[in-house]
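Examining the three-dimensional arrangement
Each chain, letter by letter, is given below.
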Amino acid sequence: MYYDYHIHTGFSSDGRMELRQACAAAIAKDVVEIAVTDHLDIDYPDSSIEFDLDYTLYSDAIDRARESFGNKISIIKGIEIGVQPHVIKECVDYLEDKDFQFIIASVHAVKKMDLHNGEFCANRTKKETYFEYLQEVYRCVDGFSRFNVLGHIDLIRRYGDYRDRSLRYPDYSDILDEIFRLLISTGRGLEINTSGFRYNLSSTMPDFDLIKRYRELGGEILTIGSDAHTPSQVAERFPQALDIARSAGFRYISRFSDGNPEFVKI
Ligand SMILES: [Zn+2]
Ligand SMILES: [Zn+2]
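Anyway, here's the lowdown on the structure attached to this text.

So, how was this worked out
- Residues numbered from 1 in each chain as written.
- Chains lettered and ligands numbered in written order.
- Predicted model: local features only at pLDDT ≥ 70, side-chain atom pairs only at ≥ 80, totals over all residues.
- Helix = DSSP H or I, 4+ residues; strand = E, 2+ residues; numbered from the N terminus.
- Rg over C-alpha atoms; globule rule 2.2 N^0.38 Å.
- Buried ≥ 20, exposed ≤ 12 C-beta atoms within 10 Å, placed from the backbone.
- Contact = placed C-beta atoms within 7 Å.
- Pairing = 2+ DSSP bridges.
- Expected span 1.5 Å × (residues − 1).
- Arc of directions from axis to C-beta.
- Axes fitted to C-alpha atoms, helices over the stretch in contact; angles between N-to-C directions.
- Parallel < 35°, antiparallel > 145°, perpendicular 65-115°, else oblique.
- Left-handed = near helix turned anticlockwise from the far one by under 90°.
- Nonpolar A, V, L, I, M, F, W, Y, C, P; charged D, E, K, R; others polar.

Observations concerning the overall build of the protein chain
- When you go through the protein chain residue by residue, the secondary structure sums to 7 helices and 11 strands.
- Here the C-alpha atoms of the protein chain give a radius of gyration of 17 Å, agreeing with the 18 Å that 2.2 N^0.38 yields for 266 residues.
- Here the C-alpha coordinates of the protein chain stretch approximately 50 × 40 × 35 Å along the principal axes.
- Out of the 266 residues belonging to the protein chain, those deemed buried represent 45%.
- For the protein chain, restricting intrachain contacts to residue pairs at least 6 apart in sequence, the fraction spanning at least 24 positions comes to 78%.

Rendered as structure tokens:
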């Protein structure tokens, strides 16, 4: 029985899967609950990509999917909101009158630079790039509180043109501890994102040692998400992710139906 808490559908501009396909794929893979988390990225630096989310259409589509699949799978209405320090107020305003059951906050851009096109990573050492990225993550977690879990905390690993793209805990321990402590003390959590395997990172995002450290510091809220954009990616590598969570000291993962975590034994 799996809970896939990070799924993109046709409502994300990079989504290639219809919600009903996601539901069918999830049911076939023993997933009992999915959180649909389509993108909202306000002022995304690459203007060729529109990460807008029409809440009414989105909400209606989820209601319809519940009518079709509700007896086989639970569908949580979530969002992955891209945070940048200069758009925090707009993020808060957008969420103000919306009824999301689960919110992932993700940092997809740093200092108004897209991570995806390599601009941010260019002409810098890995250490400088990763440190600056984590500082931006800290600023976002500090300035924006309206979310349940921080998405793919080490996303930067996907984008640098470095031979070794690992982000090892000892190299960034101070800033990582600050981020973890801030999440923990404010009732927010972390996700294990299994798409790292898909992007040749040979691990989940984050890797085991960061998850272990988050747990050591008292972290309890943890979701597992595939970041699926296609049916075959739904719940991908979930047995492995659960093993990682258990090895890191977790006995429970979290699910959300009303914004508060409920703990599910693993
Ligand atoms: Zn993301
Ligand atoms: Zn995503």
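That shown, we press on.
Here's the deal with the sheet that holds strand β7 (residues 149-150)
- Read across the sheet, 7 strands follow the order β1-β2-β3-β4-β7-β8-β9 without closing on themselves; strand pairing throughout is parallel. Of all strands in the sheet, those bounded by a partner on one side alone are β1 (2-7) and β9 (222-225).
- Alignment of strand β3 (residues 74-82) against strand β4 (residues 102-106), held across 5 bridges, turns out to be parallel. For Ile81, the partnering residue across the bridge sits in β4 and is Ala105.

Notes on helix α2 (residues 55-69)
- Taking 1.5 Å per residue as the helical rise, α2 with its 15 residues ought to reach 21 Å, and the 21 Å between its terminal C-alpha atoms agrees with that figure.
- The set of residues buried in α2 consists of Tyr58, Ala61 and Ala65. Taken around the axis of α2, the buried residues stretch over an arc of 65°, which confines them to a single face. Away from its buried face by more than 90 degrees, α2 exposes Thr56, Asp60, Asp63, Arg64 and Glu67.
- On its buried face, α2 is in contact with α1 (19-28), β2 (31-41) and β3.

Let's talk about the packing of helix α4 (residues 126-143) against helix α5 (residues 173-185)
- Running from N to C, α4 and α5 point in directions that differ by 15°, and their axes come no closer than 10 Å. The angle between α4 and α5 places the two elements in the roughly parallel class. Viewed along their axes, α4 and α5 form a crossing whose handedness is left-handed. Contacts between α4 and α5 involve Phe131, Leu134, Gln135, Val137, Tyr138, Val141 and Asp142 from the first element and Ile175, Leu176, Glu178, Ile179, Leu182 and Leu183 from the second.
- For the contact of α4 with α5, the class distribution of residues is 10 nonpolar, 1 polar and 2 charged.

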